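Residue strings, one per chain:
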Amino acid sequence: MSMFGGDNELGNILQEAVKLKSAQMGQKRLTYEKWPFFVQHTLFHGEKDDFKAWRQLPFAEKMEKSDKIKDDGNDLYAKGSYSDAVDKYEEAATMVHYCYSTDPGWRKNNRGIDDDVLVLVVDEGTNEEEKQQYRKLRLACCLNLATCKQKLEKYDEAIVACDVALDLDPDNVKALYRRAEARIRPSSSTAYDLDLAIKDLAKAFSADPKNNMVEKLLKRLRGERKMQRDKDSKTFTGMFERGEVYDKGMENSTAPCQSELEMREVQKRIDDISDNDSLEKRCEDAELLRDLYMRNGKEDEAKELNEKIKAAKTAIKTQSETAPPKLNWTSPTPEMIEDAKKHGLDLTDPLVIEELSRLEREGMPHDEDSLDEGSASTSASRGGATDLPSPEVDWSETVPWLRYIIIFVLIAVAWRLLHAGFLRWLLRFVWRHILRIPQILGLGEDMDDERGSMFAAAYRKIAGLFGGADEDGEL
């Protein structure tokens, strides 16, 4: 039994203590959690002696060292070592933009990562030229990180890197293009992600109309969106009694469309969701409302709703991963059959399969001393009598066959001795030599066979003492 298993009082207490500690630690690092992942990692870079020394260098020397590390990252990227390249790009920017803890023992004591002792350093130099060098270095590192994260299929982190790049340069075409790619590449991308990607590409195309890659992807995504909306129009026509889900006139419109009626209908549908509805169905309804928000220019509402949808889908995925796999009793695998034999079950028996399917469907009975209704009805249908639970047998105990064999041999030998007259000889031996009854009664050791047996002679001797018989035994 595991101490942390939660199946005992101590385990429950420990689990609650861990949850409480995690919650407390989470409250202490709220600011830290808001920083991009590569800024968070600079806290650990500062634990290395070489980085500590490099951060103390003059700005020009720090930039020189950063450029060299960035070039090492480019070489690793060219070789296909994307994870190692990510480390180099993060280290390159850690000279001028980093965080550190004022508590030197934060990793060894119980304090850990604490906002109260964290300091964010932004070294932009002392003049405009150095500031531009700072922005250029961070921008290059962010763009390269986004590319590597896409190669590693970590699209959420690629989007974060592009967000920081766009904070440094709001009209950067590469950042807009790569963020759009990162939004649509995951298999889980939605119509909401498609709309955001088109918005990024439209902005990139406005900044660089001659960029063929941007134009090509923008055209393809707009075509996919039009096809999806036409499909949605056919699917949801008549769903709401007062018209279609969205206005066709908003297809190429940038201003919010006047379709509040449809959104109210969808919102009402979501408000009417009950606990009996599946989480998947509720996600589908929420996605419908989110897309309507996006198409009507309500991006803040769409973004907030999209975060809730992501959380719900994460919960669905977690449930599916932790749920025990359902066994197919009607078509058992050879491994299942062999494992069942170890427990005395025959999975080729239809009655056994039926009972196992019933137990999986209805669940095991909670009370071991009573039968559930399903078991009683099944037993009645088979023979009219209720099947009592079989006694538990520990088949792991070995049978003492050798002991039984010895006992059977001894019984057989005793039987043969009895058959050969051994018991009569034994009784005579005890009578004559141990109990010495003949000597006590004055009988001789050897007696004539004509006078009868030893017991008959004893009888006559006793009878003579009372005068009841003569020597011949007559009255």
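Residues numbered from 1 in each chain as written. Predicted model: local features only at pLDDT ≥ 70, side-chain atom pairs only at ≥ 80, totals over all residues. Heavy atoms only, no water.

Novice: Explain the overall build of the protein chain to me, please; I cannot follow it from the model alone.
Specialist: Check the secondary structure of the protein chain and you find 22 helices and two strands. Going through the 475 residues of the protein chain one by one, you find that 33% of them count as buried. Across the protein chain, every contact between residues at least 6 apart in sequence was considered, and the portion connecting residues at least 24 apart equals 52%. Carbon and sulfur atoms form 54% of the exposed surface of the protein chain, whose accessible area is close to 32,100 Å². (Helix = DSSP H or I, 4+ residues; strand = E, 2+ residues; numbered from the N terminus. Buried < 20%, exposed > 50% of the residue type's maximum accessible area, 1.4 Å probe, protein only. Contact = heavy atoms within 4.5 Å. Areas by Shrake-Rupley, 256 points an atom, 1.4 Å probe, with all protein chains shown as cover.)

Novice: Whenever I open this one, unusual backbone geometry confuses me. Can you help?
Specialist: Peptide bonds are, in most cases, trans, and in most cases residues other than glycine have a negative phi. You will see that glutamate 153, though not glycine, has its phi angle at about 60°, which is positive. Assignment of secondary structure puts glutamate 153 in the loop between helix 8 (128–151) and helix 9 (155–168).

Novice: When you look at the pattern of salt bridges in this model, what are you seeing that I'm missing?
Specialist: Taken as a whole, this structure holds 12 salt bridges when the rule is applied. For glutamate 181, the salt bridge identified is with arginine 185, shortest N-O distance 3.4 Å. Across the salt bridge formed by aspartate 200 and arginine 183, the nearest N and O atoms sit 3.5 Å from each other. Residue aspartate 200 is located in helix 11 (residues 191–207), and its partner arginine 183 is located in helix 10 (residues 173–184); the two are separated by 17 residues in the primary sequence. (Salt bridge = Lys/Arg side-chain N within 4 Å of Asp/Glu carboxyl O.)

Novice: I keep staring at helix 19 (residues 401–419) and nothing clicks. Help me out?
Specialist: Residues separated by three or four positions in an α-helix point in the same direction, a consequence of the helix having 3.6 residues per turn. An ideal rise of 1.5 Å per residue puts 27 Å on 19 residues; helix 19 measures up with 27 Å between its terminal C-alpha atoms. Looking one or two places after helix 19, you find glycine 421, whose phi comes out positive at around 90°. (Expected span 1.5 Å × (residues − 1).)

Novice: Help me understand a negative patch on the surface in this model?
Specialist: Taken together, Glu61, Glu64, Asp67, Asp71 and Asp75 make up a surface patch of like negative charges. Its place among the elements puts glutamate 61 in helix 6 (residues 59–78). (Patch = residues over 30% accessible without salt bridge, like charges linked within 9 Å, V, L, I, M, F, W, Y side chains within 5 Å. Lys, Arg positive; Asp, Glu negative; His and termini not counted. Charge placed at Lys NZ, Arg CZ, Asp CG, Glu CD.)

Novice: Please clarify how the packing of aromatic side chains should be interpreted in this entry.
Specialist: Each aromatic ring pair is characterised by the separation of its centres together with the angle its planes make. A complete count under the given rule lists five aromatic pairs for this structure. For the pair phenylalanine 51 and tryptophan 54, a centre-to-centre distance of 5.2 Å together with 75° between the ring planes defines the contact as edge-to-face. Taken together, the residues span about one helical turn, with phenylalanine 51 and tryptophan 54 both in helix 5 (residues 49–54) at a distance of three residues. For phenylalanine 51, a relative accessible area of 3% translates into the label buried. (Phe/Tyr/Trp six-rings, centres within 6.5 Å; stacked < 30°, edge-to-face > 60°.)

Novice: I tried to follow the packing of helix 8 against helix 10 on my own but got confused; where do I start?
Specialist: Packed helices, taken two at a time, are described by the angle between their axes plus the distance between the axes. Closest axis-to-axis distance for the helix 8/helix 10 pair is 10 Å, and the angle between their directions is 20°. Classed by the angle they form, the pair helix 8 and helix 10 counts as roughly parallel. As helix 8 packs across helix 10, the resulting crossing turns out to be left-handed. Of the residues in helix 10, those in contact with Leu143, Asn144, Thr147 and Gln150 of helix 8 are Lys174, Ala175, Arg178, Glu181 and Ala182. (Axes fitted to C-alpha atoms, helices over the stretch in contact; angles between N-to-C directions. Parallel < 35°, antiparallel > 145°, perpendicular 65-115°, else oblique. Left-handed = near helix turned anticlockwise from the far one by under 90°.)

Novice: Would you mind going over the confidence of the model for the protein chain with me for this structure?
Specialist: A low pLDDT score tells you not to read the predicted coordinates there in detail. Per-residue confidence for the protein chain averages 74 on the pLDDT scale, and 60% of its residues sit at or above 70. A low-confidence stretch, residues 445–452 stays under pLDDT 50, and its non-local contacts, those more than four residues away or across chains, total nine contacts. (pLDDT = per-residue confidence, 0-100.)

Novice: Please explain the packing of helix 7 (residues 82–93) against helix 8 as it appears in this structure.
Specialist: Relative orientation of the contacting elements helix 7 and helix 8 amounts to 160°, with a least axis distance of 9 Å. Between helix 7 and helix 8, the interaxial angle falls into the category roughly antiparallel. In the crossing of helix 7 with helix 8, the sense of the turn from one axis to the other is left-handed. In this structure, helix 7 contributes Tyr82, Ala85, Val86, Tyr89, Glu90, Ala92 and Ala93 to the contact, and helix 8 contributes Leu137, Cys141, Asn144, Leu145, Cys148, Lys149 and Lys151. Within the contact of helix 7 with helix 8, the residues separate by chemical class into 10 nonpolar, one polar and three charged. (Nonpolar A, V, L, I, M, F, W, Y, C, P; charged D, E, K, R; others polar.)

Novice: Honestly, the nonpolar core in this entry has me stumped. Any pointers?
Specialist: Nonpolar side chains in soluble globular proteins generally cluster together in the buried interior. Core analysis: the biggest nonpolar cluster contains 41 residues, and Phe38, Leu43, Leu201 and Leu221 have the highest contact counts within it. Look past the residues within four positions of leucine 221 in its chain and what remains in contact with it is Ile184, Leu194, Ala197, Ile198 and Leu201. (Core = buried A, V, L, I, M, F, W, Y, C linked by side-chain atoms within 4.5 Å.)

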